[in-house]
Structures are given as structure tokens and as C-alpha cells.
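A structural walkthrough
What follows is the residue order along each chain.
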Amino acid sequence: MFEAFESAEIGHVSSSRRAGTASMTVISNLDFSTAAAEMESWNGYAPTPLHHLTNLARTLGIRDILYKDEGPRFGLGSFKALGGAYAAMRVLQREISAHSGRSVELSEIREGRFAKEAAEITLVSATDGNHGRSLAWGAKSFGARCRIYIHRAVSDGRAQSIRDYGAEVIRVDGDYDESVGVARQEAEQNGWFVVSDTSWEGYTQPPIDVMAGYGVMVDEIAVQAAQMPTHLFVQGGVGGLAAALTTRLRQKMARDIRVAVVEPELAACLYASGETGVATTVAIGEETVMAGLSCGEPSELAWQVLGEEVSDFLTIPDSLVGPTMRLAANPVASDPPIVAGESAICGLAGLIASVRQSELRDKLGLDENSRVLVIGSEGATDLEIYNRILAEA
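This report concerns the structure included in the present document. (Residues numbered from 1 in each chain as written. Predicted model: local features only at pLDDT ≥ 70, side-chain atom pairs only at ≥ 80, totals over all residues. Heavy atoms only, no water.)

**With respect to the overall build of the protein chain**
The helix and strand tally for the protein chain stands at 19 helices and eleven strands. The C-alpha radius of gyration of the protein chain comes to 20 Å, within 12% of the 21 Å expected for a compact globule of 393 residues. With the C-alpha coordinates of the protein chain rotated into their principal frame, the extents come out at 60 × 40 × 40 Å. Taken over 393 residues, the protein chain has a buried fraction of 62%. Here the protein chain displays about 14,600 Å² of accessible surface, and carbon together with sulfur accounts for 47% of that area. The positive charge centre, built from 33 side chains, and the negative charge centre, built from 52, are 5 Å apart in the protein chain. (Helix = DSSP H or I, 4+ residues; strand = E, 2+ residues; numbered from the N terminus. Rg over C-alpha atoms; globule rule 2.2 N^0.38 Å. Buried < 20%, exposed > 50% of the residue type's maximum accessible area, 1.4 Å probe, protein only. Areas by Shrake-Rupley, 256 points an atom, 1.4 Å probe, with all protein chains shown as cover. Lys, Arg positive; Asp, Glu negative; His and termini not counted. Charge placed at Lys NZ, Arg CZ, Asp CG, Glu CD.)

Pasting the structure below:
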């Protein structure tokens, strides 16, 4: 069952956690609580499941695996539903407040009281798929126009799912980082508003809002979990998800949870940053099958948190994606079957490989008392790709 994980080449960089204030200041407790209060009022809000993969954990020789399944989130298929749509709402709140001469409440945006003003605002972003779908959904919900930039490797299925929410989709002949650049440039030229999950110099507020939205997951976990995890294995990307969860875990549950960031070896900007100690960009030479994690440039804002708080950076090969997706769908004994997309299983794959390789298991402090939280960041956001991977031998 675990042969692929035992033979896989796993990259590992240890990082000494250092004293700092990033987990208390980059995204504040007020940022998180404001986002949670707003989204819990949205139609369709419900906490997503926290599955216990107890039988898999026992087979691996650890106490428990807690799998936060974001597939059902708002019917959008991924955790990104918590970020892009909320950040879109906050952009509209700020811009309409500035033009109306008074402080506009989030509830007024939600209730459509400024529909005419919202209709004059265009929101744009680059995406690998899920963030763009969330932003398109948010723009449609709150009455704004939306343009989404995708790179050449984004599947036609994911592009169509964005168009289904009324957004205009522009395909860029390059990778994700190049699509980010085009989105920024065209927004500046046309007076549009970028709603990105990554930050850069002079651009921080929308990414803070995105990450504040992600914190809803931790608030739910705090209620759902009878015992708090000893470890978090979380996927990388630009770092926004990892930074948001790490920050909220520190704020609610102190500093004793060990955080490991897991990335595709083909797109390992956070791993490279862990090696150098500073936010480091890497070139994407080949696209990873983990489409939502194909990012070569880390978010500067996210790195402020991750550089202080992460103990381990890991990379995994694409060869582990299929086995992990199939293991989720066809679980051990009475564990629940889970529909997990390509990017959803990155943390779980890294965990299984780490446990099955004794040297790495010891380095990461994994033993029979370990309770590990992993984030199932998406369901089958492209059903054709999902079915093809599950059907592979």
C-alpha cells in the first residue's frame, strides 16, 4: 500500500522557529473575527467536515489524522471560497465608502444597497483556478464586474467554472507568475482593482483580507476537535493558506503545534525560502499536476509569518498525487471515503511519506502520540482530471 511513499524522494529543510510578532500582527485577531462574523451570515454557510482517518493513522503508527475537507465549502469546491469572495466584498466596502463620504458596512454591500456603485467597479485577479472561481462568485454576488487571468496550463474545465459565474476569462501564454504580472499591469492601466491572494511591495490589504477569511477553518476546527493537533501539514503555493492557518492556530492555541509546509518539488518557492531564510522566487520549468500549487514567487506578507513559525519545509514528487487521491477515495477499513483533488492531498502525501521513511519520521517528531492536522483544500474541482487520476493503475 505504501511502496510509492517509502521510495519517494522527499526534500526536507529544518527551520528554527524564532521569536517574533508576525503571528500576532500581520493578520490581527480582529481581522479574523470580522471575516468569520461576516461569512457565517452568508447563505449556505456551514462548517466543513473534520474527518478522523484513525485507521490510516494506526496503520502508520501515529495517534490520529484530522482531515479538514474543504470540498463542500459554499458549493465552490475549495477553501478559496473563504478568501476571494470576502476580499472582494472588502474592496467594494472601501471604495464605495471613499466615494460616498461615509463608512459603508459590510452588511450594506451584502444586501445590495450600493448595487449601482458596485456595478461600476471591476475586480481582477490571476488564478490557477480556485481563487478565481471564488472571486467570480463574490463579484457576481455583490454586483461587481470581474476579469480573471489564467495561465496556459489551467484546464478548460476550471476556466469554464469561472465563466459560469459571469467573469471574463483571459488566458495568458505563460505560467502563474506571468499571469499575475499581466493582471496587475492591465488593472493599473484601466483603474481596476486587483483582489489577489499574494502580496507585493505596496499591496497588502486584499491579501490580508483573503488570509483572514481562511482563518474560519481554524475557528471551526477549534470546535470540532476534541483534542488539538500536535502537527500541521499544510500545502504551500504562495503561502497564504499556510500563513493564515499558522497565525490563527497560534492566536487560539498557543505555539506548541509543529508546522510543516509541503510543496510540489516542481514549484517549491517556500522550500527555497526555508533554505535561504528570505522570501525566494524559483523558476517554474515544468508544471506540477497539483495545479493550485504551481507558484514560483512567495507572498512577502505570508513569508513574514512562515519565516518565524514554520519548523519544516518539505517537497514531494508528483508521483505521490495519484496514490494519495486513490487512498483517500478508497480508505483504510472504516475511515470515511473522501473526494480529494490534486492539490488537496499535498499535506497528506507529505505526512504519509514522512512517517514511512524512518529518518524523516524522527526528524519531524512523529510518533505514536502524534495527532496530525492536514487540509483537504479542494474536492474534485475538475471532474475530468479527478476521474482520470483515480482510474490510473
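**Let's talk about the side chain of Arg326**
Structurally, Arg326 is set in helix H16 (residues 321–329). Arg326 gets classed as buried once you look at its relative accessible area, which sits at 19%. Excluding residues within four positions of it along the chain, Arg326 makes contact with Ile389, Leu390, Glu392 and Ala393. (Contact = heavy atoms within 4.5 Å.)

**Let's talk about the nonpolar core**
By size, the foremost hydrophobic cluster in this structure holds 81 residues, and its most contacted members are Trp42, Leu123, Leu232 and Val234. Sort the elements by how many residues they give to this core and helix H5 (residues 84–100) lands first, with eight residues. Each residue touching Trp42, except ones within four places of it in the same chain, is listed here: Phe74, Ala81, Ala85, Tyr86, Met89, Arg110, Trp137 and Phe142. Ranked by size, the runner-up nonpolar core spans 44 residues in total, among them Leu56, Ala57, Met290 and Leu364. (Core = buried A, V, L, I, M, F, W, Y, C linked by side-chain atoms within 4.5 Å.)

**What about the pattern of salt bridges?**
Evaluated as defined, the whole model comprises 23 salt bridges. The salt bridge involving Glu309 is made with Arg17; its shortest N-O contact spans 3.3 Å. Taken as a pair, Glu309 in helix H15 (residues 300–309) and Arg17 in the loop between strand S1 (11–14) and helix H2 (22–25) lie far apart in primary sequence, 292 residues in all. Arg17 gets classed as partly exposed once you look at its relative accessible area, which sits at 26%. Where Arg250 meets Glu309, a salt bridge forms, and the shortest distance between an N and an O atom there is 2.7 Å. Within this pair, whereas Arg250 is found in helix H13 (residues 240–253), its partner Glu309 is found in helix H15, the two being separated by 59 residues in sequence. Of the residues examined, Arg250 reaches a relative accessible area of 3% and is grouped as buried. (Salt bridge = Lys/Arg side-chain N within 4 Å of Asp/Glu carboxyl O.)

**Considering the packing of aromatic side chains**
Overall, the coordinates contain nine aromatic pairs when judged by the stated rule. An angle of 50° between the planes, with centres 6.2 Å apart, marks the rings of Tyr45 and Phe74 as tilted. A residue pair is termed long-range when its members are at least 10 positions apart, and Tyr45 in the loop between helix H3 (29–39) and strand S2 (50–52) and Phe74 in the loop between strand S3 (64–69) and H5 qualify at 29 residues. Judged by centre distance (5.3 Å) and plane angle (40°), the rings of Phe74 and Trp137 are tilted. Of this pair, Phe74 sits in the loop between S3 and H5 while Trp137 is found in helix H8 (residues 130–142), placing the two residues 63 residues apart along the sequence. For Phe74, a relative accessible area of 13% puts it in the buried group. (Phe/Tyr/Trp six-rings, centres within 6.5 Å; stacked < 30°, edge-to-face > 60°.)

**Structural notes on the environment of Glu178**
Examined against the element boundaries, Glu178 turns out to sit in helix H10 (residues 176–190). Exposure remark for Glu178: the relative accessible area of 41% places this residue in the partly exposed category. Distance in space between the C-alpha atoms of Glu178 and Lys252 is 37 Å, their sequence separation being 74 residues.

**Section: the side chain of His231**
Structurally, His231 can be placed in strand S8 (residues 231–235). In contact with His231, not counting residues within four places along its chain, are Ile257, Arg258, Leu364, Gly365, Leu366, Ser370, Arg371, Val372 and Leu373.

**Overview of the sheet that holds strand S9 (residues 258–264)**
Across the sheet, which stays open at both edges, the seven strands sit in the order S1-S10-S9-S8-S11-S3-S2 with mixed pairing between neighbours. The sheet is open, and its two edges are formed by S1 and S2, each paired on a single side. Strand after strand, the sheet turns through a mean of 20° between neighbouring axes, direction not considered. Strand direction decides the pairing type here: S8 and S9, joined by five bridges, are parallel. Looking at the pairing, Val234 lines up with Val261 of S9. Helix H12 (residues 216–224) rests against S2, S3 and strand S11 (371–376) of the sheet, and its axis sits at about 135° to S3. Where H13 meets the sheet, it contacts S8, S9 and S11, and its direction lies at approximately 155° from that of S8. (Pairing = 2+ DSSP bridges. Axes fitted to C-alpha atoms, helices over the stretch in contact; angles between N-to-C directions.)

**What to know about the sheet that holds strand S4 (residues 122–127)**
Ordered by their spatial adjacency, four strands build an open sheet running S6-S5-S4-S7, and the pairing between neighbours is parallel. In this open sheet, the two strands that pair with only one neighbour each are strand S6 (168–172) and strand S7 (193–194). With two bridges connecting them, S4 and S7 associate as parallel partners. Bridged to Leu123 within S7 is Phe193. Most of the contacts of helix H9 (residues 156–163) go to S6, to which it runs at about 150°, and overall it touches S4, strand S5 (145–151) and S6.

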